[in-house]
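# What the coordinates show
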Amino acid sequence: MYFILVFNICTEYDLMILKLDELDKLISDNDDGSLDDSIHDKLFDIIRYHQRLNDFISKFDEVYSYQLFMEISVDALQVLITLFVMYIELWMPGFVVITVATFQLLLYSLLGTLIEIKTDAFTDRIYDVQWHELAKKDQKIIEIMLLTSQTPNLLTYGGLLPLNVNFFQSLYRKIYSVLMMLQNLNE
């Protein structure tokens, strides 16, 4: 279910980018000002969509962040313990355990990174809208939408850290550091 919801969020961002493309086309076709009302309506439609998506991501993270905290913590501990056991004595099933746990950790991190990529693409598309050809009130709306998109709601690790590939890398560095400490204590 988690994966389906993440892909749904990515699809929602793609739909908003398409809505921005439609808005941009309306702006470029509005030479005589006859489409001002349509542009204004389309702009508010995008804003409502963006607000709903931000609310959904907030609630999604609220529901799943503690579950992810437990799953990621247990997977990291599993990798650490398996590596330590394999250091003490070669345990062949440990290679499978480490591979599966690493894949799970990487998968969650990649899903968080995927959402970050989509939010960045959405922010870039907002910036590319021909906002300078809009009325002043609509320019301010674009500015507010750009500001809110620059601080997006993202998936987190227990509400503490953003869940992305950088998190995965730092987690593995910590696993390595603790493993080295355990090896020194074992000697």
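Described below are features of the structure shown in this document.

About the cut-offs
- Residues numbered from 1 in each chain as written.
- Predicted model: local features only at pLDDT ≥ 70, side-chain atom pairs only at ≥ 80, totals over all residues.
- Heavy atoms only, no water.
- Helix = DSSP H or I, 4+ residues; strand = E, 2+ residues; numbered from the N terminus.
- Buried < 20%, exposed > 50% of the residue type's maximum accessible area, 1.4 Å probe, protein only.
- Contact = heavy atoms within 4.5 Å.
- Areas by Shrake-Rupley, 256 points an atom, 1.4 Å probe, with all protein chains shown as cover.
- Core = buried A, V, L, I, M, F, W, Y, C linked by side-chain atoms within 4.5 Å.
- Axes fitted to C-alpha atoms, helices over the stretch in contact; angles between N-to-C directions.
- Left-handed = near helix turned anticlockwise from the far one by under 90°.
- Phe/Tyr/Trp six-rings, centres within 6.5 Å; stacked < 30°, edge-to-face > 60°.
- Parallel < 35°, antiparallel > 145°, perpendicular 65-115°, else oblique.
- Nonpolar A, V, L, I, M, F, W, Y, C, P; charged D, E, K, R; others polar.

The helix and strand inventory of the protein chain stands at five helices and two strands. The linear arrangement of helices and strands in the protein chain, starting from the amino end, is α-α-α-α-β-β-α. Each principal axis of the C-alpha atoms in the protein chain carries an extent, and together these give about 80 × 30 × 25 Å. Looking at the protein chain as a whole, 41% of its 187 residues are labelled buried. Across the protein chain, contacts joining residues at least 24 apart in sequence account for 77% of those joining residues at least 6 apart. Summed over its atoms, the accessible surface of the protein chain is roughly 11100 Å², and 62% of this surface lies on carbon and sulfur atoms.

In this section: the side chain of Asn54. Position of Asn54 among the secondary structure elements: in helix α2 (residues 36-88). Ignoring sequence-local partners within four residues, the contact set of Asn54 consists of Tyr13 and Asn153.

Residues Tyr2, Leu23 and Ile72 are the most contacted members of the largest nonpolar core, which totals 47 residues. When residues of this core are traced back to their parent elements, those giving at least two are α1 (2-29), α2, α3 (93-128), α4 (136-149) and α5 (165-186). Here the element with the most residues in this core is α2; it accounts for 15 residues.

It is at 10 Å that the axes of α2 and α5 come closest, and there the two elements cross at 35 degrees. With respect to the hand of their crossing, α2 and α5 are arranged in right-handed fashion. Taking contact as the criterion, the partners of Ile72, Ala76, Val79, Leu80, Leu83, Phe84, Tyr87 and Ile88 in α2 are, on α5, Phe167, Leu171, Tyr172, Ile175, Val178, Leu179, Leu182, Gln183 and Asn186.

We now examine the packing of aromatic side chains. Tallied over the entire structure, the rule returns twelve aromatic pairs. Pairing Tyr2 with Phe60 gives two aromatic rings, centres 5.2 Å apart and planes at 20 degrees, and the pair type is stacked. Of the two residues, Tyr2 is situated in helix α1 and Phe60 in helix α2; the sequence distance between them amounts to 58 residues. The exposure classification of Tyr2 matches that of Phe60, with both residues buried. Ring centres 5.2 Å apart and planes at 65 degrees place the aromatic pair Tyr2 and Tyr64 in the edge-to-face group. Placement of the pair is Tyr2 in helix α1 and Tyr64 in helix α2, with a sequence separation of 62 residues.

What follows is about the packing of α3 against α4. Packing of α3 against α4 leaves a shortest axis separation of 9 Å and a crossing angle of 160 degrees. By the angle class used here, α3 and α4 are roughly antiparallel. In terms of crossing hand, the pair formed by α3 and α4 is left-handed. For the pair α3 and α4, contact is made by Phe122, Thr123, Ile126 and Tyr127 and by Ile142, Met145, Leu146 and Ser149, respectively. Here the contact of α3 with α4 is built from residues that sort into six nonpolar, two polar and no charged.

Purely spatial values, then, with no claim about function.
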